Amino acid sequence: MIGVRHLLGSAGALALVVQPALAAGPFSPRPMPPGTGAPAGDPAAACTALKGADFSTVKDAPSLVVSAAVRPADKDMPATCLINGQIAPTIGYRMWLPLTTWNGKFAQTGCGGRCGDILDDGCQIVAARGYACIAADLGHKGTFYDDLWAIDNVPGEIDFGFRATHVTNITGKAVTEAFYGTKPRFSYYFGASTGGRQGLIEAQRFPEDFDGIVAGEPAMGTPGAPHAEVGPALRDSVAALNPDGRSILSVAEVMLVHDSAVRQCDMDDNAKDGIISDPRHCGFKPAQLLCAGDKTPQCLSAPQVAALDRVYRNGAMPGSEKGWVGAYVGADGGAGRYVWHLKNPYKYPYAWVFNDATNPDLRAFKAKGGKLIVYQGWADEATYPGNPPAYYETVERLMGGRANTQDFFRLFMIPGENHIPQVGGGAETVDYFSYLERWVERGEAPDILLAQKMKTLARFAGPVTYASYMMPENVAFSRPVYPYPVQVRYTGHGDVNDAANWRPAPAPR
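Residues numbered from 1 in each chain as written. Predicted model: local features only at pLDDT ≥ 70, side-chain atom pairs only at ≥ 80, totals over all residues. Heavy atoms only, no water.

Is there a simple way to think about the overall build of the chain in this case?
Check the secondary structure of the chain and you find twelve helices and 16 strands. With 509 residues in all, the chain has 57% of them scored as buried. Partitioning the intrachain contacts of the chain with sequence separation of at least 6 by distance along the chain shows that 69% fall at a separation of at least 24. Carbon together with sulfur atoms contributes 56% to the accessible area of the chain, which is approximately 19900 Å² in total. (Helix = DSSP H or I, 4+ residues; strand = E, 2+ residues; numbered from the N terminus. Buried < 20%, exposed > 50% of the residue type's maximum accessible area, 1.4 Å probe, protein only. Contact = heavy atoms within 4.5 Å. Areas by Shrake-Rupley, 256 points an atom, 1.4 Å probe, with all protein chains shown as cover.)

Before we go on, may I ask you to explain the side chain of E253 in this structure?
Positionally, E253 belongs in helix α6 (residues 251-265). Relative accessible area serves as the criterion here: at 13%, E253 is assigned to the buried category. Residues within four places of E253 in sequence aside, it is in contact with I248, K295, L300 and Q304.

What exactly am I supposed to notice about the packing of helix α3 (residues 154-180) against helix α4 (residues 194-205) here?
Angle between the axes and distance between the axes: these two values describe a pair of packed helices. The N-to-C vectors of α3 and α4 enclose an angle of 70 degrees; their axes lie 10 Å apart at closest approach. Overall, the two elements α3 and α4 adopt an arrangement that is roughly perpendicular. Residues F160, G161, F162, T165 and H166 of α3 form the contact with α4, whose participating residues are T194, R197, Q198, I201, E202 and R205. Class assignment of the residues belonging to the contact of α3 with α4 gives a composition of three nonpolar, five polar and three charged. (Axes fitted to C-alpha atoms, helices over the stretch in contact; angles between N-to-C directions. Parallel < 35°, antiparallel > 145°, perpendicular 65-115°, else oblique. Nonpolar A, V, L, I, M, F, W, Y, C, P; charged D, E, K, R; others polar.)

I keep staring at the side chain of Q124 and nothing clicks. Help me out?
With respect to the helices and strands, Q124 occurs in helix α2 (residues 121-127). Residue Q124 is classed as buried on the basis of its relative accessible area of 16%. Not counting chain neighbours up to four residues away, the residues in contact with Q124 comprise R71, M77, W96 and Y466.

Honestly, the state of the cysteines in this entry has me stumped. Any pointers?
By definition, a disulfide links two cysteine residues through a covalent bond between their sulfur atoms. Under the defined criterion, the tally for this structure stands at five disulfides. Across a sulfur-sulfur distance of 2.1 Å, C47 and C81 are joined as a disulfide pair. Here the S-S torsion is close to 80 degrees, and the disulfide linking C47 with C81 is therefore right-handed. In this pair, C47 sits in helix α1 (residues 43-48) while C81 sits in strand β5 (residues 80-87), placing the two residues 34 residues apart along the sequence. For the residue pair C47 and C81, the accessibility class agrees, reading buried in each case. (Disulfide = S-S within 2.5 Å.)

Could you clarify how one ought to interpret the environment of I248 in this entry?
Relative to the elements of secondary structure, I248 occurs in the loop between α5 (231-241) and α6. Sequence-wise, I248 and Y328 are 80 residues apart; in three dimensions their C-alpha atoms are separated by 9.9 Å. In this structure I248 touches A240, L241, P243, E253, P303, Q304 and A307, once residues within four positions along its chain are discounted.

In this structure, what is going on with the pattern of salt bridges? I would like to understand it.
Opposite charge on two side chains permits them to pair, given that their charged atoms come into close proximity. Evaluation of the coordinates by the stated rule reveals 20 salt bridges. Note that E441 is salt-bridged to K105, the shortest N-O span being 2.8 Å. Here the residue E441 occupies a position in helix α12 (residues 432-442), and K105 occupies one in strand β7 (residues 105-109), the gap between them amounting to 336 residues. Here K105 falls in the buried class, since its relative accessible area comes to 0%. A salt bridge links D431 to R129, with the shortest nitrogen-to-oxygen separation between them at 3.4 Å. Placement of D431 in the loop between β12 (409-414) and α12 and of R129 in the loop between α2 and β8 (132-136) is noted, with a sequence separation of 302 residues between them. Each of the salt bridges in this network shares a partner with another, and the network as a whole consists of K105, E437 and E441. (Salt bridge = Lys/Arg side-chain N within 4 Å of Asp/Glu carboxyl O.)

Would you take a moment to explain the packing of aromatic side chains for this structure?
One pass over the structure, following the stated rule, counts 18 aromatic pairs. Seen from their ring centres, W102 and Y180 are 3.9 Å apart, and the 10 degrees between their planes marks the pair as stacked. Residue W102 is located in the loop between β6 (91-98) and β7, and its partner Y180 is located in helix α3; the two are separated by 78 residues in the primary sequence. In terms of burial, W102 and Y180 fall into one category: buried. Taking 5.1 Å as the distance between ring centres and 80 degrees as the angle between the ring planes, the aromatic pair formed by Y131 and F433 counts as edge-to-face. Pair noted here: Y131 is in the loop between α2 and β8 and F433 is in helix α12, with a separation of 302 residues, a long-range link. Its relative accessible area of 0% is what places F433 among the buried residues. The positively charged end of R205 is found above the aromatic ring belonging to F162, 3.9 Å away from the centroid. The positively charged end of R438 is found above the aromatic ring belonging to Y435, 5.7 Å away from the centroid. (Phe/Tyr/Trp six-rings, centres within 6.5 Å; stacked < 30°, edge-to-face > 60°. Lys NZ or Arg CZ within 6 Å of the ring centre and 35° of its normal.)

Below is the structure:
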């Protein structure tokens, strides 16, 4: 099926091109070469034999398999060999190796927050597609928002910053080859938030590790800033809205701000759908809600307006306010989950690691043939949306223009997407992983993505999603997404909830 679409050419003019119609769902790979699919002999026995396997001589990544056991098939996954192991000195990892359905490929997923634990979902999703997959804790044990591990622990900071992601790649490939008797044909990385930062670090520091990388909503700083750290901006936003440890705004007042911003800027894409497509050009100012007299539920006090001004100056965008509930403002009117930032006297002891994720020199990654997809929600309340576009534009300047950049690196900005998907938010579900596979393995560049809003939010939000959530009956609406800076605009005809009735539009200047 062939569809006609428009894209911005390198000169900025609209050009008519022919492109395969929007597609969604897992990528169907070409047949595997002989020797892949399962280990020789009895796969279950090969799995249990891995327990205690010594990989201490693997260069740069000495490791040990601590446990190995067969995980029986269920409705979501085939039978797998589930491995837990240790990479010297303190990195814990977990692997999923399909017993008889290996597709000949390797994947690695990132973590989130401060790591300290192993995120299972991403690997389980791609293992169901036949991948051997590995995930790690980045070198320490702790809770999602725990900073204690980093105090006076420079080796731990180095692991968190870049080493752990790299050596996990080495270990994962070594174990995969040992189990199946052959090296993987392709190697992919995917992650979001901290995992997105990990993906950028890999492309920048270790360009040989992966054939393709998806880096979602990366926890990165602002390229070119004297101190390109993401932490201080978020910390100041939390402090502005929680001057005494409790929010200066009620949930109702947060929604008052959100509704006002949306009312003013909703039609920037020609659709009244409650979503601001590009909030950078929204003229909403908190002062518009300043009470003229006594405080009422329909206006804001001067201290509230001042606090909101700080949040927007820090990088939060109009239209992101729904995501503040639970993050900056507790759903019960108390403290949000990010208020812990204010109780940490050490103020990000490892903040330097965020600087690395802003290096625009991707020449080695491109020369090696690597492909990079970065995505970011315009309504993200945790990793502020302005940084990925600034990074992408910096890469364009270094690489010599848009054509020289988009042949290996594409950025997708998602209207209305919060850091954690919200009821009523944008179309945040995209199977980025399958688009990356097509690009790497068939040369099909992701000129247009299908983004969907699900009626039931998936239990795992990221570059991949459980297939059981991506059924047609669970789709509330869909939108096309084009490579930055191209935006979308409703044609004014047909069902506004159908991606087929949206077209690309030049970015506002």
